[in-house]
Amino acid sequence: MVTPEAQAREQIDQQLTAAGWLIQDVKQLNLAAGLGVAVREFPTSKGPADYVLFVDKKPVGVLEAKKAGTTLSGVAEQSGKYQDGIPDILPHVPERPPFAYESTGVETLFRDERDPEPRSRRVFTFHHPETLGAWLEQDDTLRARLGHLPELITAGLRDCQVEAITNLEESFAADRPRALIQMATGSGKTYMAVSFIYRLIKFAGARRVLFLVDRRTLGRQTKREFQQYRAPDDGRLFTNLYNVQHLTSNKLDLVSRVCVSTIQRVYSMLCNGGEPDDDLEERSGFANAPLDEAPKDVSYSPALPIETFDFIVTDECHRSIYNQWRQVLEYFDAHLIGLTATPSKQTIGFFNKNLVMEYNHERAVADGVNVGYEVYRIKTKITEEGSTVEAGYHVDRRDRLTRQVRLDLLDEDLVYGSSQLDRDVVAKDQIRTVIRAFRDKLFEAIFPGRTEVPKTLVFAKDDSHAEDIVHIIREEFGKGNVFAKKITYKTTGEKPEELIASFRNSYNPRIAVTVDMVSTGTDIRPLECLLFMRDVKSGVYFDQMKGRGTRVISTTDLKAVTPDAEVKDHFVIVDAVGVCEGDRTDTRPLERKKSISLEKLLLAVAMGSREPDTLATIAGRLARLDRSLEPEEKDEIKQAAGGQTLNAIINYLLDAVDSDKQQAKAREMFGSDEPDKEQLSQAQAELAETASAPFNLPELRETILAIKKRKEQVIDTVSVDELLETGFSQEAKDKAQGVVESFEQFIETNKDELSALQMIYSQPYGQRRLTFAAIDQLAKAIQEPPYNLREETIWKAYERLDKAWVRGAGPKRLLTDMISLVRFALGEAEVLEPYADDIERRFTAWLEAQQAAGRGFTTEQVEWLVMIKDHIVTSLTVDVDDLELAPFASRGGPFKAAQVFGGQLDDILREINEALAA
């Protein structure tokens, strides 16, 4: 009968042989038989060792074998005893061999005694003899080198990237085998990873690093990051210094220092299988991996030994691929570094709770690394409740695979719920109603004032659902195929990566429909809108999908693909299924009190309010403002805050509403590892007090509000007014009436103080000579408290009250339109129309009057008169000196004008001023 010890020895022999070792009994000792020889029952001064390992005839380590089930933590002392005994038995060996294994054939531990703090670690199997020999030739070990990395060069790195790399290297120095980095989507995780990988190779002597992704498209994206990275201390490109391989076949390039691969491909290599299925490499492992699926079994591959990689970086490591693929990661004897924006509890546990960096979405928004978001809800009856089709009606039945449609007569009622939509039942009108509502509200409420569809990503339930959505979008928007595209792993014709590149870099497509191909990891910075037409049960996955919209982009790059966009300071989630209503996400919009003005919020804090939602909303508002500030404006705020930067103020506000910060503060205040509820409450109050302190300064509040007003020139921040315009008309009219009354009260109150109002009140129309400066004074005065009005707000209010008497109520106004508003308010004009339209009509009437009086103008004279009229539209009046400006100067200026009008120039200017100018 075979004993358990013998069974263990048999398994160990098989594993040693697979790793390239020759197995010998001590009686048949022949160290010249191969490079690596494992000698059984080798005598030492402490007794016979189960195995002594020789490389190139020199003892390098020992292996202590135990039966299966033996706990190995205490066996290290026994193997260490044999290590001490080898120099005694072999006089020509000056030092004890440094390597030690303890194994049951099922579990194996390994340690290198030369490490600063030698510690046994689990390994999948044994290292190759060539590897142990190469390690012995090095002056020190990898773990020793990790403790002495040079100072980080921070140029070109964000603060969050510097912190992540610094903390990670401290974890390496402490010999923590696994580390998790949480950084918000768009904060530069990949660039940060390339930075520390460069340091690991150059300064720690890492032989090879594996960068794991779970989709092939993300592998290509990652390789581009390496190709574009320039070494901070050398100036050369990463790929000019070190080989980077994107693994697209099952053959590893042995000269590569970095290998980028999907985890699916590495699994196929370990199983000695064929090429992985293309669909499998393109689909997100997260979206297609059931949580209860069994882990993937792997076996030893001599072509890919456990020491192939020194470090493994797992991108988007929050995904549940660990349930399926965990052994792929644990196969290699390597440090594991996880990168994610949204760690799950499982992920944190897998990395031994070693979260070396925590930089969430809210912090990224505060630092201007991300943009925040708003949620716009669309509800339909069928989406919420499902529907019933009565028996006797004909319905289409479509084959799921071929999509062939046949007509069928219902012989019983078809009753379906909302959960069956687009899977068992496709309600075309439900899709159409959602898309039509999105179209109708897009420029009115979601992105008011815009004229071009912002880059929009639609999340569908499956490929068939995506196909239906694409066709309906094209129909409802009245656009062609280039306007809306489907990007899924089943896309045919154009390659998915080409479609993604076009979506990212070109004007078309404006809308992309996907299932999960663009849901995680893919970088599309111009994206401003996410339309959810599928529910998402996983909070982690939902946060990843939201992350597609958070990335910042320069105004220049944004305008290159969306010309009418001014700045990306937020994105919008259009929720058509209630995905934002469930408790499935750790991130929330910072904007939690949208109906309250920033002025009131700041005053509330100054008066003592410490409500978390108030502090979070202020943080969100200030973060959005911070993205648009010029350096001198930031200095202005810093001076008003007594030397504190706006970014610091925002982060203190976030500290006050961050449960982790509250825990840390409570531990600091009370010295308790587990603070109780009362202690946490006191810590929260302390953080809130610190965060609120700057707003006690009236100068800071006034400076912030004044700068904010200067910045509010493009975006209508009161978006609810746009929405109420169609949905809640009476409430909108009430608000509009209040605006109009405030404006008319302003005119009455200031008629004797402001130059423009004095002129309009005191002089007949033909004798008024309003100046541009006077109108500018009027516009600025009405924007100040207590009125806080803008021309476009007043214009829209009049339109809401009686649209029949308002013309040209667009989002963009000229300063001179203020004249039209005042005239209309005073009853001098029956119709409220843009000042330019009024001038155009008066100009036409003046020309007709001149012609009727027998005074004709040449074609050249008319061209000059049109230029003069256009100048009056923007500047109110015109004189001879103005003719030295554009566009007159390019046509010859005052001298040419005098020639054109033959000595009548002065009379022409006087007459046209009287006829047109206010």
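About the criteria used
Residues numbered from 1 in each chain as written. Predicted model: local features only at pLDDT ≥ 70, side-chain atom pairs only at ≥ 80, totals over all residues. Heavy atoms only, no water. Helix = DSSP H or I, 4+ residues; strand = E, 2+ residues; numbered from the N terminus. Buried < 20%, exposed > 50% of the residue type's maximum accessible area, 1.4 Å probe, protein only. Contact = heavy atoms within 4.5 Å. Areas by Shrake-Rupley, 256 points an atom, 1.4 Å probe, with all protein chains shown as cover. Salt bridge = Lys/Arg side-chain N within 4 Å of Asp/Glu carboxyl O. Phe/Tyr/Trp six-rings, centres within 6.5 Å; stacked < 30°, edge-to-face > 60°. Lys NZ or Arg CZ within 6 Å of the ring centre and 35° of its normal. Axes fitted to C-alpha atoms, helices over the stretch in contact; angles between N-to-C directions. Parallel < 35°, antiparallel > 145°, perpendicular 65-115°, else oblique. Left-handed = near helix turned anticlockwise from the far one by under 90°. Nonpolar A, V, L, I, M, F, W, Y, C, P; charged D, E, K, R; others polar. Pairing = 2+ DSSP bridges. Polar contact = N/O pair within 3.5 Å; in protein donor to acceptor, adjacent residues only side chain to side chain. Core = buried A, V, L, I, M, F, W, Y, C linked by side-chain atoms within 4.5 Å. Arc of directions from axis to C-beta.

Draft legend 1. Region of interest: the overall build of the protein. Within the protein, the regular secondary structure consists of 36 helices and 24 strands. The burial tally for the protein puts 51% of its 918 residues in the buried class. Excluding contacts between residues fewer than 6 apart, the proportion of contacts in the protein whose partners are at least 24 apart in sequence is 69%. A total of about 41,500 Å² of accessible surface is found on the protein, and carbon and sulfur atoms cover 48% of it.

Draft legend 2. Region of interest: the pattern of salt bridges. By the definition in use, this model includes 41 salt bridges. The salt bridge partner of Lys 665 is Glu 668, with a shortest N-O separation of 3.6 Å. One end of the pair is Lys 665 and the other is Glu 668, both in helix α24 (residues 659-670) and 3 residues apart, which spans about a single turn. When its relative accessible area of 60% is taken as the criterion, Glu 668 is described as exposed. Among the ionic contacts, a cluster of salt bridges with common partners joins Arg 432, Arg 436, Arg 439, Asp 440, Glu 475 and Glu 476.

Draft legend 3. Quick look at the packing of aromatic side chains. Considering all chains together, one arrives at 26 aromatic pairs under this definition. Ring centres 4.7 Å apart and planes at 50° place the aromatic pair Phe 124 and Tyr 331 in the tilted group. Of this pair, Phe 124 sits in the loop between β7 (121-123) and α3 (129-137) while Tyr 331 sits in helix α11 (residues 321-331), and the two are 207 residues apart along the sequence. Exposure remark for Phe 124: the relative accessible area of 27% places this residue in the partly exposed category. In this structure Tyr 331 comes out as buried when scored by relative accessible area, which is 0%. Between Tyr 229 and Phe 238, the aromatic rings sit 6.3 Å apart at their centres with planes inclined by 70°, giving edge-to-face as the arrangement. Through a chain of ring-to-ring contacts, three or more aromatic side chains come together here, namely Tyr 191, Tyr 198, Phe 211, Phe 226, Tyr 229, Phe 238 and Tyr 242. One cation-aromatic arrangement involves Arg 178 over Phe 350; the distance from NZ or CZ to the ring centre is 4.5 Å. Taking NZ or CZ as reference, Arg 510 lies 4.5 Å from the ring centre of Tyr 507, over its face.

Draft legend 4. The arrangement of the packing of helix α6 (residues 189-203) against helix α7 (residues 216-228) in detail. Where α6 meets α7, the closest approach of the two axes is 10 Å, and the angle between their N-to-C directions is 55°. Comparing the axis directions of α6 and α7 gives the class oblique. Two packed elements cross with a definite hand, and for α6 against α7 that hand is right-handed. In this structure, α6 contributes Thr 190, Tyr 191, Val 194 and Ile 197 to the contact, and α7 contributes Thr 222, Glu 225 and Phe 226. Broken down by class, the residue content of the contact of α6 with α7 amounts to 4 nonpolar, 2 polar and 1 charged.

Draft legend 5. Representation of the sheet that holds strand β15 (residues 372-377) in the model. Strand order in the open sheet formed by 6 strands is β15-β24-β23-β20-β22-β21, and the pairing between neighbours is parallel. Only two strands of the sheet have a single partner each, and these edge strands are β15 and β21 (484-486). Across the sheet, the mean angle separating the axes of adjacent strands is 20° when strand polarity is ignored. Bridging between β15 and strand β24 (residues 570-575) involves 6 bridges; their strand directions are parallel. Opposite Tyr 373, over in β24, you have Phe 571 as the bridge partner.

Draft legend 6. A look at the pairing of strand β5 (residues 99-103). Judged by how many residues are buried, β5 sits mostly within the fold: 5 of 5 residues are covered. Burial along β5 is two-sided: the residues Phe 99, Tyr 101 and Ser 103 and Ala 100 and Glu 102 are all buried. By the bridge criterion, 5 bridges tie strand β4 (residues 58-65) to β5 in an arrangement that is parallel. In the sheet register, Gly 61 faces β5, and the bridge partner there is Phe 99.

Draft legend 7. Region of the structure containing the sheet that holds strand β9 (residues 209-213). Read from one edge to the other, the open sheet built from 7 strands follows the order β10-β11-β9-β12-β13-β8-β14, with strand pairing classed as parallel. If you trace the sheet from one side to the other, it starts and ends with β10 (244-246) and β14 (355-359), each paired once. Put simply, the sheet's adjacent strands are angled 15° from each other on average, direction ignored. As judged from the 5 bridges shared by strand β8 (residues 178-183) and strand β13 (residues 335-340), these two strands associate in the parallel manner. Among the inter-strand pairings, Leu 180 is bridged to a residue of β13, identified as Gly 338. Sitting on the sheet, α7 touches β9, β10 and β11 (258-262), and the angle it makes with β10 is about 165°. Packing of helix α9 (residues 263-270) onto the sheet brings it into contact with β9 and β11, and relative to β11 it is tilted by some 95°.

Draft legend 8. Expanded view of unusual backbone geometry. Omega for the peptide link from Asn 508 to Pro 509 comes to 0°, which places this bond in the cis form. Within the secondary structure layout, Pro 509 lies in the loop between α17 (496-505) and β22 (511-514). With an omega of 0°, the peptide bond running from Ala 886 to Pro 887 counts as cis. With respect to the helices and strands, Pro 887 occurs in the loop between α34 (859-875) and α35 (893-901). One non-glycine residue, Asn 352, lies in positive phi territory at about 55°. Mapped onto the secondary structure, Asn 352 falls in the loop between α12 (345-350) and β14.

Draft legend 9. The side chain of Arg 265, seen in detail. Looking at where Arg 265 falls in the secondary structure, it is placed in helix α9. Here the side chain of Arg 265 touches Thr 248 through a polar contact of 3.3 Å, landing on its backbone oxygen.

Draft legend 10. Layout of the nonpolar core. Ranked by internal contacts, the top residues of the largest apolar core, which has 46 residues, are Ile 181, Phe 196, Ile 197 and Phe 238. Of the residues forming this core, the biggest block, 8 residues, is contributed by α6.

Draft legend 11. Highlighting α17. Among the residues of α17, Pro 496, Leu 499, Ile 500 and Phe 503 are the ones counted as buried. Mapping the buried residues of α17 onto a view down its axis gives an arc of 100°, with all of them on the same face. Next to the buried residues of α17 lie β20 (456-459), β21 and β22.

Draft legend 12. Structural context of the pairing of β24. Of all 6 residues in β24, 6 are buried; the element is thus mostly enclosed. Burial of the side chains of β24 extends over both faces: His 570, Val 572 and Val 574 are buried on one face and Phe 571, Ile 573 and Asp 575 on the other. Of the pairings in the sheet, the one linking strand β23 (residues 529-532) to β24 comprises 4 bridges and is parallel in character. Paired with Cys 529 across the two strands is Val 572, which belongs to β24.

Draft legend 13. The side chain of Ser 261, seen in detail. Here Ser 261 is to be found in strand β11. For Ser 261, a relative accessible area of 0% corresponds to the buried category.

Draft legend 14. Quick look at the environment of Thr 314. Its place among the elements puts Thr 314 in strand β12 (residues 311-314). For Thr 314, a relative accessible area of 4% translates into the label buried. C-alpha of Thr 314 to C-alpha of Ile 263: the two residues are 51 residues apart in sequence and 8.9 Å apart in space.

Draft legend 15. Fine view of the packing of α34 against α35. Where α34 meets α35, the closest approach of the two axes is 10 Å, and the angle between their N-to-C directions is 135°. In this view, α34 runs oblique relative to α35, as classed from their interaxial angle. Once α34 is placed against α35, the crossing between them reads as left-handed. In this structure, α34 contributes Glu 860, Gln 861, Trp 864 and Leu 865 to the contact, and α35 contributes Gly 893, Lys 896, Ala 897, Val 900 and Phe 901. When its residues are assigned to classes, the contact of α34 with α35 shows 5 nonpolar, 2 polar and 2 charged.

Draft legend 16. Here's a closer look at the environment of Val 75. Mapped onto the elements of the fold, Val 75 is located in the loop between β4 and α2 (76-89). With residues up to four places along the chain from it excluded, the contact list for Val 75 reads Glu 64, Lys 66 and Glu 102.

Draft legend 17. Representation of the environment of Gly 147 within the structure. With respect to the element layout, Gly 147 can be found in the loop between α4 (142-146) and α5 (159-173). Residue class for Gly 147 comes out partly exposed when judged on its relative accessible area of 40%. Sequence separation between Gly 147 and Asp 175 is 28 residues, and the spatial gap between their C-alpha atoms is 8.6 Å.

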